[in-house]
Amino acid sequence: LNYAKKLGVDIRLNTPADRLVWDADAGRTAGVRVRNAKQTAFVAARKGVLIAAGGFSRNPQLLAKYAPPMKWAAVIAGMGTTGDGMLLGQDCGADVLDTNYVKASYGFKLNPSSISDMTTIYYAGAIIVNKDAKRFVNESLSYKLLGDEALSQPEHKSWLVFDDAIRRSQMKLRAIDKKLWGGFDEGKTADYYFSGATIEEAAQKAGLNPKVLAETIQQYNETAPQGKDPIGRTSLSSGYGKPVALDHGQYFIMPATAGMIGTYCGLRINDKAQVIGVFGEVIPGLLAAGEATGGVHGAAYMTGTAFGKALAYGRIAARTVAS
């Protein structure tokens, strides 16, 4: 912020842009209409307008339109991700891409507030069960696909189940998990998981059928480590690592959900970050970058690419405008 101010950028807080302005004579985007508590004003754009307003994780109407199952997901995305930028572009005829790929990430504890509330302990060997205490998905799949499957379960509920060996293994892999599970070794308890010396004890505390969950784990232990899992799990994650039996001491059960971190879709742009209209032509004077754009992730989001999309196309857009 200080760097921008030093270069002469005028920062206006609580002053949203609610419409793009089109110059019919010049045939280009000419600026934006902005408003605050006192007035509505128009800001002219000499070289172009850059839309970099994020996605729409916190816009229930847009989620209902493009990704109905996501209404059951938790949301930890930024408070400003309400889809304003994408709507501004669409109002000027912009095309959108990848809206059919909106997905939530699986592994959040209930009522999460940040990424620190998410675990990927299923990649260390944990299994996932529904309210009937039965597995329903190959746990080695992408956390996006796991999110889809979890949200489609009865009452949209699911639980992570693992033993002490898996807990210790995961804590070595991720600092977040060390914070989530390390307190147990210090005699501390937490309200986001249940534990017991036996799986039946843990299941009873978690509100799952103890007998059924014990049978589920027994079947898993007898098949998955031998490469014979009926659901198809042959690895810990994406072909790597061998499934392990859940049979080491203390057992843990965590009610889990899928969480919206971002929407990974939006305005269609070209390699110069120029926005493309529904007829495949560049909309003069209009550019976009970051989460407000589509066409980068496709069906499979890969960790870190959201930042790359913002940083790379933010720079490209600025260079395009400057030229």
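Residues numbered from 1 in each chain as written. Predicted model: local features only at pLDDT ≥ 70, side-chain atom pairs only at ≥ 80, totals over all residues. Heavy atoms only, no water.

J.: I'd love a proper account of the nonpolar core, names of residues and values included.
T.: Tyr-106, Tyr-122, Val-161, Trp-181, Leu-208, Leu-213 and Ile-253 are the most contacted members of the largest nonpolar core, which has 76 residues in total. No other element matches the 7 residues that strand E11 (residues 251-260) contributes to this core. Those residues within four positions of Val-161 in sequence are excluded, and the remaining contacts are Ala-126, Ile-127, Val-129, Ile-199, Leu-213, Ile-217, Leu-246, Phe-252 and Ile-253. (Core = buried A, V, L, I, M, F, W, Y, C linked by side-chain atoms within 4.5 Å. Buried < 20%, exposed > 50% of the residue type's maximum accessible area, 1.4 Å probe, protein only. Helix = DSSP H or I, 4+ residues; strand = E, 2+ residues; numbered from the N terminus. Contact = heavy atoms within 4.5 Å.)

J.: Mind laying out the pairing of strand E9 (residues 158-163), listing which residues take part and the relevant values?
T.: The element E9 is extensively covered by neighbouring structure, given that 6 of its 6 residues are classed as buried. By the alternation rule, side chains of E9 split into Ser-158, Leu-160 and Phe-162 and Trp-159, Val-161 and Asp-163, which are all buried. Two strands pair when backbone bridges link them, and strand E8 (residues 127-129) and E9 are joined in this way by 3 bridges, in the antiparallel orientation. Paired with Ile-127 across the two strands is Val-161, which belongs to E9. Bridge count for E9 against E11 is 6 bridges, and the pairing is antiparallel. From the neighbouring strand, Leu-160 faces E11, where its bridge partner is Met-254. (Pairing = 2+ DSSP bridges.)

J.: Please give an account of the side chain of Asn-270 that cites residues and values.
T.: Here Asn-270 is to be found in the loop between strand E12 (266-267) and strand E13 (274-276). Of the polar contacts made by the side chain of Asn-270, one reaches the backbone nitrogen of Lys-272; its length is 2.9 Å. In this structure, Asn-270 is in contact with Ile-276, Val-282 and Tyr-313, ignoring residues within four places of it in sequence. (Polar contact = N/O pair within 3.5 Å; in protein donor to acceptor, adjacent residues only side chain to side chain.)

What is shown is where atoms sit, not what they do.
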